Amino acid sequence: MRAGFITILIVFFVTVAYVVWHLWRITPGGWAPKLVAATLFLLWMVAAFASMGLRSKASIPMITALYEIGHPWMIAYLYLLIAFIVADLGVLLRLIPKGWLNGNGVSLACILGCIALVLIAGGIHYKHKYREELTVKTVKPLERPMTIVLASDLHLGYSNRRPELSRWADMINAEDPDLVLFGGDIVDIQLRPLIEGNYAEEFARIKAPLFTVLGNHEYIGNEQDSEKFFADAGITLLRDSVAYFQGITVVGRDDRSNPRRKPLSELASALPGFTILLDHQPYHLEDAELAGIDFQFSGHTHRGQVWPLSWVTDAMYEKSWGHHRRGSTRYYVSSGLGIWGPKIRIGTRSEYLVLHIETE
């Protein structure tokens, strides 16, 4: 694992150097404007990493500002890398003149302008929350038809703050759900902004019972602290445990970050009623099918958040986003209500699921 991490770091710094070199080349004028362009890009990168490195030391307003300023760098860097690779291939194949990449203000303005427009459009797109609706018929007995709101990957903290959570709570209440289920990663690594900002009050406004499981970000932070926060917020945490609600059985698996979590076959043995599995990371979907689960809800993937990373998650998972079915088991893998890092979505969407369960 250590060797893999070092390899990733080497690749990252090589690609950053590649982008900086191209910015130097394409910027017109002498060394002074070239130095300014390269320095601004690197300072922007520093802001992105400082926002993460100073999370527990600096003031919340300062970290929030660094998040807002720095995190879009990640996507700008990705698209600059893609643009320069495509341009180099174009030069190599003699599809574009070599001069387009050397001291050319028009080329630089076109590349930066296009990327800026994409980032702005992605930021606007992220603010829109998609409402996915699904009706499932069952032969299993229900006390009455049920409406359940399911959401994953809120990533509350320095990026998604309390006003955003307040809006989401209003959206959930507007559905008048019988039950609300969260699929993990409510917390974006650190609980400090949630506690100091009293985010628990917003969860308390939701007019339905709340259940959640842990995600990998709760483990990256501190799962014991998250457990206390969920209790204060009125959210029932299921850690390899089961809850029953008016004919619905909710199975909550601990995140796979815990290598000692129970096997699903042990948790789901002879369960009554319509069964819903919450499992943050959508690996081994066959386990739910073999255990006779009726419906599995997962998140984690964000579907890559931005294109072309969506191609990566599509290749990594049996299903990285959307509806799925194996035998009689239905699945929904959510791309998440919130976001990690920059509040930008390109080619993916932020969403929540409204699930209606009815008897046949």
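Keep in mind that this is a model prediction, so the values were computed, not measured. (Residues numbered from 1 in each chain as written. Predicted model: local features only at pLDDT ≥ 70, side-chain atom pairs only at ≥ 80, totals over all residues. Heavy atoms only, no water.)

Participant: Give a description of the sheet that holds strand E9 (residues 295–298) that names residues and reports values.
Facilitator: One open sheet accounts for six strands, arranged E6-E7-E8-E9-E11-E10; its pairing is mixed. In the strand order of this sheet, the two ends are held by strand E6 (241–245) and strand E10 (322–326), each with one partner. Sheet twist, expressed as the mean angle between neighbouring strand axes with direction ignored, is 20°. Two strands pair when backbone bridges link them, and strand E7 (residues 248–252) and strand E8 (residues 274–278) are joined in this way by five bridges, in the parallel orientation. Its bridge partner being in E8, Ile248 is matched across the sheet by Phe274. (Pairing = 2+ DSSP bridges. Helix = DSSP H or I, 4+ residues; strand = E, 2+ residues; numbered from the N terminus. Axes fitted to C-alpha atoms, helices over the stretch in contact; angles between N-to-C directions.)

Participant: So, the sheet that holds strand E5 (residues 235–237): which residues are in play, and what are the values?
Facilitator: Within the open sheet, the six strands sit side by side as E1-E12-E2-E3-E4-E5. Their pairing is mixed. Two strands lie at the open edges of the sheet, namely strand E1 (129–138) and E5, each paired on one side alone. Neighbour-to-neighbour, the strand axes of this sheet turn through a mean angle of 25°, independent of strand direction. Sheet topology places strand E3 (residues 179–182) next to strand E4 (residues 210–212); three bridges connect them, and they run parallel. The partner of Leu181 across the bridge, within E4, is Phe211. Helix H6 (residues 162–174) contacts E1, strand E2 (146–151), E3 and strand E12 (350–359) of the sheet and is inclined by roughly 35° relative to E1. (Contact = heavy atoms within 4.5 Å.)

Participant: Could you give an account of the nonpolar core, naming the residues involved and the relevant values?
Facilitator: Core analysis: the biggest nonpolar cluster contains 37 residues, and Val16, Val19, Phe41, Trp73 and Tyr77 have the highest contact counts within it. Counting residues per element, the ones that place at least two in this core are helix H1 (2–26), helix H2 (31–53), helix H3 (60–70), helix H4 (72–92) and helix H5 (105–127). A total of 11 residues in this core trace back to one element, the largest contributor, which is H4. Dropping the residues within four chain positions of it, Phe41 is found in contact with Val16, Val19, Val20, Leu23, Trp73, Tyr77 and Leu80. Formed by 33 residues, the second largest nonpolar core is a distinct cluster that contains Leu165, Phe203, Phe230 and Ile235. (Core = buried A, V, L, I, M, F, W, Y, C linked by side-chain atoms within 4.5 Å. Buried < 20%, exposed > 50% of the residue type's maximum accessible area, 1.4 Å probe, protein only.)

Participant: Any details on the pattern of salt bridges? Residues and values, ideally.
Facilitator: Two side chains of opposite charge can pair, provided their charged atoms sit close to one another. This model, assessed by the stated rule, comprises 24 salt bridges. Between Arg239 and Asp254 there is a salt bridge; the shortest N-O distance is 3.5 Å. Of this pair, Arg239 sits in the loop between E5 and E6 while Asp254 sits in the loop between E7 and helix H11 (264–267); the two residues are 15 residues apart in sequence, bridging distant segments of the chain. What makes Arg239 partly exposed here is its relative accessible area of 26%. Connected through salt bridges with shared partners, the residues Arg162, Asp170, Glu201, Glu202 and Arg205 form a single ionic network. (Salt bridge = Lys/Arg side-chain N within 4 Å of Asp/Glu carboxyl O.)

Participant: Any details on the packing of aromatic side chains? Residues and values, ideally.
Facilitator: Taken as a whole and judged by the stated rule, the model has 13 aromatic pairs. For the ring pair Phe12 and Tyr77, a centre distance of 5.6 Å and an interplane angle of 70° mean the geometry is edge-to-face. Of this pair, Phe12 sits in helix H1 while Tyr77 sits in helix H4, placing them 65 residues apart in sequence. Comparing Phe12 with Tyr77, the two get one shared label, buried. Chaining the aromatic ring pairs together yields one cluster made of Phe12, Phe13, Phe41, Phe49, Trp73 and Tyr77. Its end group placed over the ring of Trp21, Arg25 keeps NZ or CZ at 4.8 Å from the ring centre. (Phe/Tyr/Trp six-rings, centres within 6.5 Å; stacked < 30°, edge-to-face > 60°. Lys NZ or Arg CZ within 6 Å of the ring centre and 35° of its normal.)

Participant: For the state of the cysteines, give the residues involved together with the corresponding values.
Facilitator: A covalent bond between the sulfur atoms of two cysteines is referred to as a disulfide. Applying the stated criterion to the full structure yields zero disulfides. Between Cys110, a cysteine without a disulfide, and Cys114, which holds the nearest cysteine sulfur, the sulfur-to-sulfur distance is 6.3 Å. (Disulfide = S-S within 2.5 Å.)

Participant: Just give me the short version of the pairing of strand E11 (residues 329–333), but keep the residues and values in it.
Facilitator: The buried count for E11 comes to five of five residues, which makes it a mostly enclosed element. Here E11 shows a buried face lined by Thr329, Tyr331 and Val333 and a second buried face lined by Arg330 and Tyr332. Where E9 and E11 come together, four bridges link them in parallel fashion. Bridge pairing links Gln296 to Tyr331 in E11. Bridge count for E10 against E11 is five bridges, and the pairing is antiparallel.

Participant: Mind laying out the side chain of His324, listing which residues take part and the relevant values?
Facilitator: Inspection of the secondary structure assignment puts His324 in strand E10. Here the side chain of His324 touches Glu318 through a polar contact of 2.8 Å, side chain to side chain. Apart from the residues lying within four places of it in its own chain, the contact partners of His324 are Leu285, Glu318, Lys319, Thr329, Arg330 and Tyr331. (Polar contact = N/O pair within 3.5 Å; in protein donor to acceptor, adjacent residues only side chain to side chain.)

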